[in-house]
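Summary of the model geometry
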Amino acid sequence: MADVFTHFNYLHTIPEIGMKEFKTSAYVADVLKQLGYEVETQVGGATGVVAVCDSGKPGPVLGLRADMDALGTKDGGAAHLCGHDGHMAMLLAAAEEIMKEKISVVMTTYNGQKYLLEQLESLRNQTFKIDEVIIMDDCSQDETPNLIRKYIADNDLKGWKLIENQTNQGWKKNFKLGFDLATGDYIFPCDQDDIWHLDKVQKMTECMKKHPEIELLAANYTTFFSENDTGSGSKLYAARSK
């Protein structure tokens, strides 16, 4: 889908005065339909466009609006001189963000410094962007919290946050606390000592979208650490030592 600048650049080339924004309203309506909104055109008997997305969930209602008309010019033409092309572009970009399904990952950690960074790397490099990563640390006594804070800061990871429990909760309750905080449409639990295939989130999300009847989806795994691993190397090093 086009970004805000693509919308702006096109809309700027088709200025139309009020009540005659035929090309403009057609473009806006087409974009909103492609995003999945229910769209009504010719609102007000002219060129108005109304789009509705009903989540089916109770709660507040969000409304966004933008003007579409350009200003008339002395030569009988029209030009976007007051920013309505920008207003529409920003609204369309916002409408796209609203329709995006959010992906959350909940990771629990406890004294996990040995393998932690490899797992964080596999999350950050997923082919599907993860919108929210909640890391619940359960009173680690090693460098786990510091490693996580540094990793988030060094990579400027928006949407990633570390939460440190004040008392040890145990792994089950720790996961439950993280799930309660997650805001995604799809929530992935995550251990501290795994390494995910880089397309894991993509494949599982696409499967859930294709089969909405699925409420819980599990993935297989491969054991790739060596029973002879002395702890001196990474999991990838240990895997090669089998």
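A brief structural summary.

Moving on, we come to the overall build of the protein. Regarding its fold elements, the protein presents eight helices and eight strands. Here the C-alpha coordinates of the protein stretch approximately 80 × 35 × 35 Å along the principal axes. In the protein, 68% of the contacts between residues at least 6 apart in sequence involve partners at least 24 apart. As displayed, the protein offers around 15,200 Å² of accessible surface, 54% of which is attributable to carbon and sulfur atoms. For the protein, the distance from the average site of its 25 positive side-chain charges to the average site of its 36 negative ones is 2 Å.

One way to put it is that helix H1 (residues 4-11) packs onto helix H2 (residues 22-34) with a least axis distance of 11 Å and a crossing angle of 160°. On the basis of their axis angle, the class for H1 and H2 is roughly antiparallel. Like other packed secondary-structure pairs, H1 and H2 cross with a definite hand, here right-handed. Between H1 and H2, the contacting residues are His 7, Tyr 10 and Leu 11 on the first element and Thr 24, Tyr 27 and Val 31 on the second. In the contact of H1 with H2, the residues fall into four nonpolar, two polar and no charged.

Time to look at helix H3 (residues 84-99). In a regular helix each residue adds 1.5 Å, so 16 residues correspond to 22 Å; H3 covers 23 Å between its end C-alpha atoms and thus fits that length. Of the positions making up H3, those classed as buried are His 84, Asp 85, Gly 86, Met 88, Ala 89, Leu 91, Leu 92, Ala 95 and Glu 96. Contacts from the buried residues of H3 go to H1 and H2.

Ranked by size, the top nonpolar core spans 21 residues in total, and within it Val 105, Leu 123, Trp 160 and Phe 188 carry the most contacts. Taken together, the elements giving at least two residues each to this core come down to strand S5 (103-109), helix H4 (116-124), strand S6 (132-137), helix H5 (144-154), strand S8 (186-190) and helix H7 (200-210). Apart from the residues lying within four places of it in its own chain, the contact partners of Trp 160 are Leu 120, Leu 123, Arg 124, Val 133, Ile 135, Tyr 151 and Ile 152. Residues Ile 14, Val 31, Tyr 37 and Met 68 belong to the second largest nonpolar core, which totals 13 residues.

This brings us to a nonpolar patch on the surface. A surface patch of nonpolar side chains, amounting to about 310 Å² of accessible area, comprises Leu 62, Leu 64 and Ile 98. Looking at the secondary structure, you find Leu 64 in the loop between strand S2 (48-52) and strand S3 (71-72).

Below, the discussion takes up the pairing of strand S7 (residues 160-164). Within a regular strand, the side chains alternate between the two sheet faces. Note that S6 and S7 share five bridges and pair parallel. Paired with Ile 135 across the strands is Leu 162, a residue of S7. Note on the crossover from S6 through H5 to S7: the handedness is right-handed.

Here Ser 140 shows up in the loop between S6 and H5. For Ser 140, the side chain forms a polar contact with the main-chain nitrogen of Asn 111, separated by 2.7 Å. Polar side-chain contacts of Ser 140 include one of 2.6 Å to the side chain of Asp 137. Those residues within four positions of Ser 140 in sequence are excluded, and the remaining contacts are Thr 109, Tyr 110, Asn 111 and Pro 145.

A few words now on the packing of H2 against H3. Between H2 and H3, the least distance of the axes is 10 Å, while the angle of their chain directions is 15°. Taken together, the axes of H2 and H3 lie roughly parallel to each other. As for the relative orientation of H2 and H3, their crossing is right-handed in sense. Residues Thr 24, Tyr 27, Val 28, Val 31 and Leu 32 of H2 lie in contact with H3, whose contacting residues are Met 88, Leu 92 and Ala 95. Considered class by class, the residues forming the contact of H2 with H3 number seven nonpolar, one polar and no charged.

With that settled, consider the sheet that holds S6. The four strands are arranged S7-S6-S5-S8 in an open sheet whose pairing can be described as parallel. Two strands close off the open sheet at either side, each with one partner strand: S7 and S8. Taking each pair of neighbouring strands and ignoring which way they run, the sheet shows an average axis angle of 20°. Sitting on the sheet, H4 is in contact with S5, S6, S7 and S8, with an inclination near 180° to S5. Taken strand by strand, helix H6 (residues 171-181) contacts S5, S6, S7 and S8, and its axis lies near 150° from that of S6.

Reading guide: rules and limits
- Residues numbered from 1 in each chain as written.
- Predicted model: local features only at pLDDT ≥ 70, side-chain atom pairs only at ≥ 80, totals over all residues.
- Heavy atoms only, no water.
- Helix = DSSP H or I, 4+ residues; strand = E, 2+ residues; numbered from the N terminus.
- Contact = heavy atoms within 4.5 Å.
- Areas by Shrake-Rupley, 256 points an atom, 1.4 Å probe, with all protein chains shown as cover.
- Lys, Arg positive; Asp, Glu negative; His and termini not counted.
- Charge placed at Lys NZ, Arg CZ, Asp CG, Glu CD.
- Axes fitted to C-alpha atoms, helices over the stretch in contact; angles between N-to-C directions.
- Parallel < 35°, antiparallel > 145°, perpendicular 65-115°, else oblique.
- Left-handed = near helix turned anticlockwise from the far one by under 90°.
- Nonpolar A, V, L, I, M, F, W, Y, C, P; charged D, E, K, R; others polar.
- Expected span 1.5 Å × (residues − 1).
- Buried < 20%, exposed > 50% of the residue type's maximum accessible area, 1.4 Å probe, protein only.
- Core = buried A, V, L, I, M, F, W, Y, C linked by side-chain atoms within 4.5 Å.
- Patch = residues over 30% accessible without salt bridge, like charges linked within 9 Å, V, L, I, M, F, W, Y side chains within 5 Å.
- Salt bridge = Lys/Arg side-chain N within 4 Å of Asp/Glu carboxyl O.
- Pairing = 2+ DSSP bridges.
- Right-handed = clockwise from strand over helix to strand, strands pointing away.
- Polar contact = N/O pair within 3.5 Å; in protein donor to acceptor, adjacent residues only side chain to side chain.

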